[in-house]
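# Structural characterization, general
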Amino acid sequence: MKKRILAAVAACLMLAFSACGASNTTGAALTTTAGTTVAVTDTAATQATSGSDEAPNPFKKYDPPIEMPVAFNTSAVQYFPEGDDYENNVWSRYLKENAGIIIKVLWTADGSTDAYRNKMNVSLASGDLPTVFDGDYQFFRNAVDAGYAADLTDVWEQWRSPALIKQSTGFDVPFASATIDGKLMAIPQLAYLEQQGPILWIRDDWLTAVGKSAPETLDDVIDIARAFKDQDPDGNGVNDTFGLGLRKDIFNFDFFNVNGIMSAYGVPTRKDEQFFRDDSGKIIYAGIMPEAKEPLKLLNQLYSEGLIDPEFGVKDAPKIEEDINTNKVGMAYGAEWNGWYPYASIYAADKVVYKAYAPPAAQDRKLSIGTPFPVQWYNLVNSSYEYPEAVIVMRNWANDLLNEDASDEIIEKYNAKEQWRFVPWKFAAPSEMQMLPYLEDAYANDYDESVVPNSYRRYFKEVMSFINDGDPAGQGRWSQVGPEGSVGIILHDLMPANVFSVSPIVGERPESYLNLMTSLNKIIEQSYTEIIVGPTSDVESKFDSFVSSWLSAGGQQVLDDLNTMYPAQ
C-alpha cells in the first residue's frame, strides 16, 4: 500500500532533479556522526565550490571552527531549557561539535509582530545584515538588487546531502521564484500547493441529528445547510442556527470563505491573488470570469433563505470562533488544518467534532481549486560571507540528526518544545503529506505502529489517543492525518482529479500589480459581498458592473502587464 501511495505523491509532485541540481548518487560512501550512511555524488567528489579548491563534503566539519553571525525571528512561545538561550542551546552545541559552525546572534526580534520585518528592513537599508537572513518576496528582491544576496546556485548544486535533495524535490514553482537571471539567489521555505485549497468541514453530531449522510454533490451540501437552519440541530428549541458559515473576509483561505462554492463552478478564487492560465495559456482573473455568476447566484439564494448568517459581513475570525463555540453554525469551507483551529476549542469543551469532506463540484462542472503562491519567506545568505556553503552544510547536519528513524530521545531533545527554531535556516517542507502514507500503512495493518518510522510515531500515537480515548490533545492530528483526515482527502481525492489551479506568478510582479492590487482586491470583496446580500434580481447586472469597474480601475492594465511578464509557453 505504501509504495502505491508514495508513487501517487511522486507523480503529482515530481520535479526533475536537474531543476534543483541533483546528480547521479553513485560514488564513495560517507558515514555521519548520527550513524547515517549516504552516497557522495561523483559530481560533488570532483567539483569544487566557487572560490575554493576543496571538494564539496555535505557533512564537512570546519577546522578551525567558523563563525556564522545570525539574527533570530523569535517566537513568544519559545521554550528554553535551563541555562539555554538563542546562542547557547541544543542546536548551537550540536553544530559546533559536529560541523565546526559557531552560531553568533547579532540580534533577535519578535516574528509574531512587525518587529522582525521592521528590523530586517533597517538592516537592509544600512547594509548591516547577518550571514543568514530571511524575508518576503519584496525584501528578497530588494536584497538581490542591492547586491547583498549571495548566488547560491553552485553551493546548492554541490553541497546538498541526499536527504536534502529528497526534501527539496517537487517544488519547482518555489525555486523558480528564487531564481533571478538563471541564478538561485535564495532558498525558499516550502509548502505543498495542494494543502492550500478549500476543505468542507461539517459538524458531525448535527449531521446525525438531521438524519443526513456525507455529501457527495453540491446539492447535498445545500440540502444539509437547509437542514441545519430549519431542523434545530442543537436541540435548544430556538431557530438560531445557520447552515453555511461565512465571514467578512470572504476570500480568505483560513476558514469560513466562499472559495469552496466558487471552486465548485470552476472558478478558482483565493485570497489576494486569483490569477491563473486559461486553456490558451493566457493569464486571467478568476473573480471576473462569466462563470462566477452562477455561484454568486447560489450564495445570494443561500443568504436570502437565511442559511448564511445575515451579519457575516461584520464578523472577523474571533467572532466566528465565538459562533462555533456557542453552537451557531454547522458547516463551512476552510483549510485542511481547521481541526486545530477553529474547531479544536469546541471539541475540548463539549466533545463536538467537525469532520473533513472533499468539496464537491456543481452538476456538470469540474472542480477548480485556486492555490496561493506557495512561498512566504526566502532564506538568503549575505554576499560578503566567506563560507556560503556552510548554510547548506548546517542544514545537512540538521536533516541527518532528525531523520525518519530518529529516536524518541533525539526528537524530544532537538525537535520538541520549539527546539527546532534554534536552527538559523529553516527549510520547512510540511510533514503531513510526507508522513501520511506511513500512517495509512499502520491503519491498514490493524493499526500496527511498527510500520511507522520512529520520527512519525508520535503523530501516530496522537491520532490513536483520539481514536481510543477521545483525547483532546490528539483531535487536531486526527482531523488532519487520521483514517478520514483532511490530508487524505487531498492525497486521494483531489490530487488524482487534477483540480488545482496554481498561480502562474512565480515571484516578480509588474509595477501595476504592486501599485493597484490592494485597491482591486477591495473592489472585488466589496462587490461580491453586496451581490450576496442584495436583491436576487440584481445579481447579473451588479456582477457586470463590478467587472467593468474592476477592469477600468486598473485590472485590465494588471492583466496586460502580467501576460507580458509571463507570456504563454
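Here, every reference points to the structure presented above.
Reference entry: report on the structure contained in this document. Along every chain, residues carry numbers that run from 1 in the direction the sequence is written. It should be noted that, the model being predicted, local features are given only for residues of pLDDT at least 70 and side-chain atom pairs only at 80 or more, the latter also being counted only at that level, while totals for whole chains, interfaces and linings use all residues. Just so you know, side-chain values use all the structure's heavy atoms and leave hydrogens and water out.

### A look at the overall build of the chain
In plain terms, the rule: A run of H or I in DSSP counts as a helix once it spans at least four residues, and a run of E counts as a strand once it spans at least two, with each numbered from the N terminus. Between buried and exposed lies partly exposed: a residue is buried under 20% and exposed over 50% of the maximum accessible area for its type, with that area taken using a 1.4 Å probe on protein chains only.
In terms of regular secondary structure, the chain is built from 23 helices and 16 strands. In the chain, which comprises 569 residues, the proportion classed as buried is 54%.

### With respect to helix α11 (residues 218-230)
Rules: One fewer than the residue count of a helix, multiplied by 1.5 Å, yields its expected span. Note on contacts: a residue pair qualifies if any of its non-hydrogen atoms lie within 4.5 Å across the two residues.
If you check α11, its first and last C-alpha atoms are 19 Å apart, about what 13 residues at 1.5 Å a residue would give, namely 18 Å. Residues L218, V221, I222, I224, A225, A227, F228 and K229 constitute the buried set of α11. Buried residues belonging to α11 abut β9 (199-203), α10 (204-209), α12 (259-264), α13 (293-304) and β12 (331-334). Count one or two residues on from α11 and you reach D232, which has phi positive near 50°.

### Focus: the environment of Q274
For clarity, the cut-off: Two N or O atoms count as a polar contact when they lie within 3.5 Å, although within protein this holds only if one can serve as hydrogen donor and the other as acceptor, and sequence-adjacent residues are included solely when both atoms are side-chain atoms.
One can find Q274 in the loop between α12 and β10 (275-277). In this structure the C-alpha to C-alpha distance between Q274 and S501, which are 227 residues apart in sequence, comes to 9.5 Å. Setting aside its immediate chain neighbours within four residues, Q274 contacts F251, T269, I284, Y285, A286, G287 and I524. A polar contact of 3.1 Å, which involves the side chain of Q274, links it to the backbone nitrogen of G287.

### A word on the packing of helix α18 (residues 432-444) against helix α21 (residues 486-494)
For the record, the criterion: Orientation is described by axes fitted as lines to C-alpha atoms, over the contacting stretch for helices, and by angles from 0 to 180 degrees between their N-to-C directions. Should an angle fall under 35 degrees it is called roughly parallel, over 145 degrees roughly antiparallel, and 65 to 115 degrees roughly perpendicular, with every other angle called oblique. Classification used: nonpolar for Ala, Val, Leu, Ile, Met, Phe, Trp, Tyr, Cys and Pro, charged for Asp, Glu, Lys and Arg, polar for all others including Gly.
Contact geometry of α18 with α21 gives a least axis separation of 10 Å together with a crossing angle of 90°. Considered as vectors, α18 and α21 are oriented roughly perpendicular to each other. Between α18 and α21, the contacting residues are E432, M433, L436 and E440 on the first element and V487, G488, I490, L491 and H492 on the second. Split by residue class, the contact of α18 with α21 holds five nonpolar, two polar and two charged.

### So, the environment of N325
Its place among the elements puts N325 in helix α14 (residues 317-325). By relative accessible area, N325 is classed as partly exposed at 29%. Sequence spacing of N325 and V352 is 27 residues, and the spatial spacing of their C-alpha atoms is 9.4 Å. Apart from residues lying up to four places away in sequence, N325 is in contact with S345 and I346. Within the structure, the side chain of N325 is placed 3.0 Å from the side chain of S345, a separation counted as a polar contact.

### Re the packing of aromatic side chains
Heads up, the rule is: We call Phe, Tyr and Trp rings a pair once their centres come within 6.5 Å, taking the six-membered ring for Trp, and we label the pair stacked below 30 degrees between planes, edge-to-face above 60, and tilted otherwise. Two conditions define a charge located above a ring, namely a distance within 6 Å from the ring centre to NZ of Lys or CZ of Arg, and an angle within 35 degrees of the ring normal.
Counting across every chain of the model gives 37 aromatic pairs. With a centroid separation of 6.1 Å and 50° between ring planes, the pair formed by F275 and Y513 is classed as tilted. Highlighted residues: F275 in strand β10 and Y513 in helix α22 (residues 511-533), separated in sequence by 238 residues. The two residues F275 and Y513 agree in class, both being buried. One aromatic cluster in this structure is built from F59, W91, Y94, W397 and Y414. The ring of W107 carries K119 above its face, with NZ or CZ at 5.4 Å from the centroid.

### What to know about the packing of α18 against helix α20 (residues 472-481)
The interhelical angle for the contact between α18 and α20, taken along N-to-C directions, is 90°, at an axis separation of 10 Å. With respect to their mutual orientation, α18 and α20 come out roughly perpendicular. Of the residues in α20, those touching α18 at E432, M435, L436, L439 and Y443 are R477, Q480 and V481. Class assignment of the residues belonging to the contact of α18 with α20 gives a composition of five nonpolar, one polar and two charged.

### A few points about the sheet that holds strand β13 (residues 354-357)
Rules: For two strands to be treated as a pair, DSSP must find no fewer than two bridges joining them.
Across the sheet, which stays open at both edges, the three strands sit in the order β12-β9-β13 with antiparallel pairing between neighbours. Edge strands, defined here as strands with exactly one partner in the open sheet, are β12 and β13. Within the sheet, the average angular offset between the axes of one strand and its neighbour, ignoring direction, is 30°. Against the sheet, α21 makes contact with β9 and β13, and its axis sits at roughly 135° relative to β9, the strand it touches most.

### Re the pattern of salt bridges
The condition is simple: Whenever Lys or Arg places a side-chain nitrogen within 4 Å of a carboxyl oxygen from Asp or Glu, that contact is recorded as a salt bridge.
Here the structure, examined in full by the defined rule, presents 20 salt bridges. The partner of D136 in a salt bridge is R117, with the nearest N and O atoms 2.6 Å apart. With D136 in the loop between β5 (132-135) and α6 (137-145) and R117 in helix α5 (residues 115-126), the pair connects residues that are 19 residues apart, well separated along the chain. Residue class for R117 comes out partly exposed when judged on its relative accessible area of 34%.

### A word on the pairing of β5
Covered by surrounding structure in β5 are V132 and D134 together with F133 and G135, the residues of both alternating faces. Two elements, β5 and strand β15 (residues 378-381), share four bridges in a ladder whose sense is antiparallel. Bridge pairing in β15 links D134 to N379.

### Quick notes on the nonpolar core
So the rule is basically this: Among the buried residues, those of types Ala, Val, Leu, Ile, Met, Phe, Trp, Tyr and Cys that are joined through side-chain atoms within 4.5 Å form a nonpolar core.
One finds M68, W91, I101, F140 and Y378 to be the most contacted residues of the largest nonpolar core, which totals 63 residues. At eight residues, helix α16 (residues 389-401) tops the list of elements feeding residues into this core. Residue contacts for W91: discarding those within four places in its chain leaves A398, L401, L402, Y414, Q419, W420, F422 and V423. L218, A225, Y265 and V558 belong to the second largest nonpolar core, which has 59 residues in total.

### Some remarks on α14
Let me state the cut-off plainly: It is the directions from the helix axis to the C-beta atoms that the arc portrays.
Turning to α14, its buried residues number three or more, namely A317, I320, D323 and I324. For α14, the angular spread of buried residues about the axis comes to 115°, placing them on one side. Those residues of α14 that are buried are in contact with β9, α15 (344-350) and β13. A positive backbone phi angle near 60° is found at N327, which sits one or two residues after α14.

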